[in-house]
Amino acid sequence: MITTNTDKAKQVLENDGIIGFPTETVYGLAGNALSEKAIRSIFQLKNRPLDNPLIVHVSSLDKIDFITENMPNKAHQLADKFWPGPLTLLLKKSDKISDLVTAGQETVAVRIPNHPIALKLLESLDFPLVAPSANPYQSISPTSAKHVADYFENELTLVLDGGFCEKGLESTIVGFEDDDVVIYRLGSIPLEDIEACVGKVKMNTGRDLKSPGMAKKHYSPKTPLIVTKNIEEVLQRLDNRKRSIVCFDQLPNVQEMENTIFYSFHGDLDFAASRLYSLLHELDDQNLDILIFEEFPNIGLGKTINDRIKRASELK
Ligand code: AMP
Ligand code: MG
C-alpha cells in the first residue's frame, strides 16, 4: 500500500481513484479535481460535510489560469514570494471548477506545494488535484505515510510515500476582499511573513463559516487536551492522572512524577511545528487521561501552534 512509485499513483488518479499524497505541510487525500466521482469519494472517505471546500493543487503558475480568473496584484506578489510552498490563495474560480470543490462559493482555494514527489506527480497529470488533509473529519492531520495508512487501511490502495512532512502544519490560507488581504487560516507561513510581503492583513473570524478550517473544534486527538500558561497550577489540580506535559521550552520545576510523560520542544518553533502532529499521534496511542500543553509564545509559528492546540482542546 505504501509506495514511492509515482506511475502507479498516476494510474489510480487517472481512473478516478484516491491516493495518499505527500506534501511539505501534511499528507493529503488526492483525487482528480475535475472528476465528480473522485471529489465525492474524498468527502465520503473523510466523512467531511459537503459545505467544507477543498484545496486544488497544481504544479506551476501557468496552470492557475485554467482554474481561476482575475488574480489580484497582491495575490501575484504572494505567489511570487511563497510558491511553491505552504501558501493557499482564495481566487475567483473559473467555470472548470465545480461547485462541489468550492462548496458553492465563488472562490477556489489553490496551492503549489513544495515537495519533489508531489510536484513530479502533478507535472505528469493533465488535471489538477484536490487534496484535503488525509485524516477523518476533525481528527489529527497526518505527517507521515504511515499515519495515512493507519487511518485508511481498508479504504486506500495506495499511499505515496514522501517521508515526514517538513513543515508539519497546514498551509496558510489567504483571501482578497477589495483591497484587503484576509487570513482565513493561520498556517506554516507566519503571519508576519505575509505582512512583510503585502502589508497589514485582516483576520477572518470564521464566524460566517466560509472557511471551516477555522471551525472551533478541529485537529483533535481522542485524549482530552488542555492548554495553559501555568503548568504547575494545573498539576496541582490534576493529581495522579496518567498524563503528558508538553512544554515549549523549560520543563516545570517539579519532582519526577509517576504516570507522567514529559516532553519539551527546546524552545524551537520550527521544530515544534514540524513535530506537533506526530507527537499528538504518539501521545494519543498511550491511553493517557489527559494531555497538558503549555501555551506557546504568540509570535511567528507560535501563533499557528496556539491556534491548533486550542482547537484541539475544544470539547467534542
Ligand atoms: P484541508 O484541505 O483539510 O486543509 O482544509 C481545507 C480548508 O481550506 C477548508 O476547511 C477551508 O477552511 C479552506 N477553504 C478551502 N476552500 C475555501 C474557499 N473557497 N473559501 C474559504 N476557505 C476555503
Ligand atoms: Mg484538514
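Reading the values: rules and limits
Residues numbered from 1 in each chain as written. Chains lettered and ligands numbered in written order. Predicted model: local features only at pLDDT ≥ 70, side-chain atom pairs only at ≥ 80, totals over all residues. Heavy atoms only, no water. Helix = DSSP H or I, 4+ residues; strand = E, 2+ residues; numbered from the N terminus. Rg over C-alpha atoms; globule rule 2.2 N^0.38 Å. Buried < 20%, exposed > 50% of the residue type's maximum accessible area, 1.4 Å probe, protein only. Contact = heavy atoms within 4.5 Å. Areas by Shrake-Rupley, 256 points an atom, 1.4 Å probe, with all protein chains shown as cover. Lys, Arg positive; Asp, Glu negative; His and termini not counted. Charge placed at Lys NZ, Arg CZ, Asp CG, Glu CD. Axes fitted to C-alpha atoms, helices over the stretch in contact; angles between N-to-C directions. Parallel < 35°, antiparallel > 145°, perpendicular 65-115°, else oblique. Left-handed = near helix turned anticlockwise from the far one by under 90°. Pairing = 2+ DSSP bridges. Core = buried A, V, L, I, M, F, W, Y, C linked by side-chain atoms within 4.5 Å. Arc of directions from axis to C-beta. Phe/Tyr/Trp six-rings, centres within 6.5 Å; stacked < 30°, edge-to-face > 60°. Lys NZ or Arg CZ within 6 Å of the ring centre and 35° of its normal. Polar contact = N/O pair within 3.5 Å; in protein donor to acceptor, adjacent residues only side chain to side chain. Salt bridge = Lys/Arg side-chain N within 4 Å of Asp/Glu carboxyl O.

Enquirer: Explanation requested: the overall build of the protein chain in the structure shown.
Expert: Each helix and strand counted, the protein chain has 11 helices and 16 strands in total. Its C-alpha radius of gyration of 20 Å places the protein chain within 12% of the 20 Å reference for a compact globule of 316 residues. Here the C-alpha coordinates of the protein chain stretch approximately 60 × 45 × 30 Å along the principal axes. Taking all 316 residues of the protein chain together, 57% fall into the buried category. Pairs at least 24 residues apart make up 65% of the contacts formed inside the protein chain by residues separated by at least 6 positions. Counting every atom, the protein chain has about 14,400 Å² of accessible surface; 46% of that belongs to carbon and sulfur. A gap of 3 Å separates the mean positions of the 35 positive and 45 negative side-chain charges of the protein chain.

Enquirer: Just checking my understanding: could you explain the packing of helix H10 (residues 269-284) against helix H11 (residues 301-312) for this structure?
Expert: Two quantities define a packed helix pair, namely the angle between the axes and the distance from one axis to the other. Two numbers describe how H10 lies on H11: the axes approach to 9 Å, and their chain directions differ by 25°. It follows from the interaxial angle that H10 and H11 lie roughly parallel. Considering the relative orientation of H10 and H11, their crossing is left-handed. Of the residues in H11, those touching H10 at Leu269, Asp270, Ala272, Ala273, Leu276 and Tyr277 are Leu301, Gly302, Ile305, Arg308 and Ile309.

Enquirer: Honestly, the sheet that holds strand S14 (residues 243-247) in this entry has me stumped. Any pointers?
Expert: Think of a sheet as strands paired side by side through backbone hydrogen bonds, with each pair either parallel or antiparallel. Across the sheet, which stays open at both edges, the 4 strands sit in the order S13-S16-S14-S15 with parallel pairing between neighbours. Where the open sheet ends on each side, the last strands, each with one partner, are strand S13 (225-228) and strand S15 (260-264). Direction aside, neighbouring strands of the sheet carry axes that sit 15° apart on average. Pairing geometry for S14 and strand S16 (residues 290-294), over 4 bridges, is parallel. Note that in S16 the partner of Val246 across the bridge is Phe293. Against the sheet, H11 makes contact with S13 and S16, and its axis sits at roughly 135° relative to S13, the strand it touches most.

Enquirer: Explanation requested: the nonpolar core in the structure shown.
Expert: Most often, soluble globular proteins keep nonpolar side chains buried together rather than apart. Counting 48 residues, the largest nonpolar core has Leu78, Trp83, Leu87, Leu89, Val174 and Ile194 as the members making the most contacts within it. When residues no more than four places from it in sequence are discounted, the contact partners of Val174 are Leu78, Leu87, Thr88, Leu89, Leu90, Val181, Val182, Ile183, Tyr184 and Ile194.

Enquirer: Help me out: how do you make sense of helix H6 (residues 116-124) in this one?
Expert: In an α-helix, one full turn covers 3.6 residues, which means residues spaced three or four apart are oriented alike. Buried within H6 we find Ala118, Leu119, Leu121 and Leu122. Down the axis of H6, the buried set is contained in an arc of 165°. They therefore lie on one face. Across H6 from its buried face, at more than 90 degrees, point the exposed residues Pro116, Lys120 and Glu123. Structurally, H6 contributes buried residues whose contacts are with helix H1 (6-14), strand S2 (19-21), strand S4 (55-57), strand S8 (129-130) and strand S9 (159-160).

Enquirer: Could you clarify how one ought to interpret the packing of aromatic side chains in this entry?
Expert: When we look at a pair of aromatic rings, we describe it by the centre distance and by the angle of the planes. One pass over the full model with this rule turns up 5 aromatic pairs. An angle of 50° between the planes, with centres 5.7 Å apart, marks the rings of Phe265 and Phe296 as tilted. One end of the pair, Phe265, is in the loop between S15 and H10; the other, Phe296, is in the loop between S16 and H11, and 31 residues separate them in sequence. Classification of Phe296 as buried rests on a relative accessible area of 3%. Counting every residue linked through ring pairs, the aromatic cluster contains Phe248, Tyr263, Phe265, Phe271 and Phe296. A cation over a ring is seen here: Lys81 above Phe82, with NZ or CZ 5.8 Å from the ring centre.

Enquirer: Which parts of the structure should I look at to understand the side chain of Arg111?
Expert: In this fold, Arg111 is placed in strand S7 (residues 107-111). The exposure class assigned to Arg111 is buried, which follows from its relative accessible area of 2%. Here Gly85 takes part through its backbone oxygen, which lies 2.9 Å from a polar atom of the side chain of Arg111.

Enquirer: Would you explain the pattern of salt bridges in this entry?
Expert: Once their charged atoms are close, side chains differing in charge can pair, the charge on each being opposite to the other. Counted by the stated rule, this structure contains 18 salt bridges. Salt-bridge contacts for Glu14 lead to Lys10; the nearest nitrogen and oxygen are separated by 3.4 Å. Note that Glu14 and Lys10 are positioned in helix H1 at a spacing of 4 residues, about one turn of the helix. As a salt-bridge pair, Arg237 and Glu233 come within 3.0 Å of each other at their nearest N and O atoms. One end of the pair, Arg237, and the other, Glu233, are both in helix H9 (residues 231-237), 4 residues apart, so they sit about a helical turn from each other. A relative accessible area of 55% places Arg237 in the exposed class.

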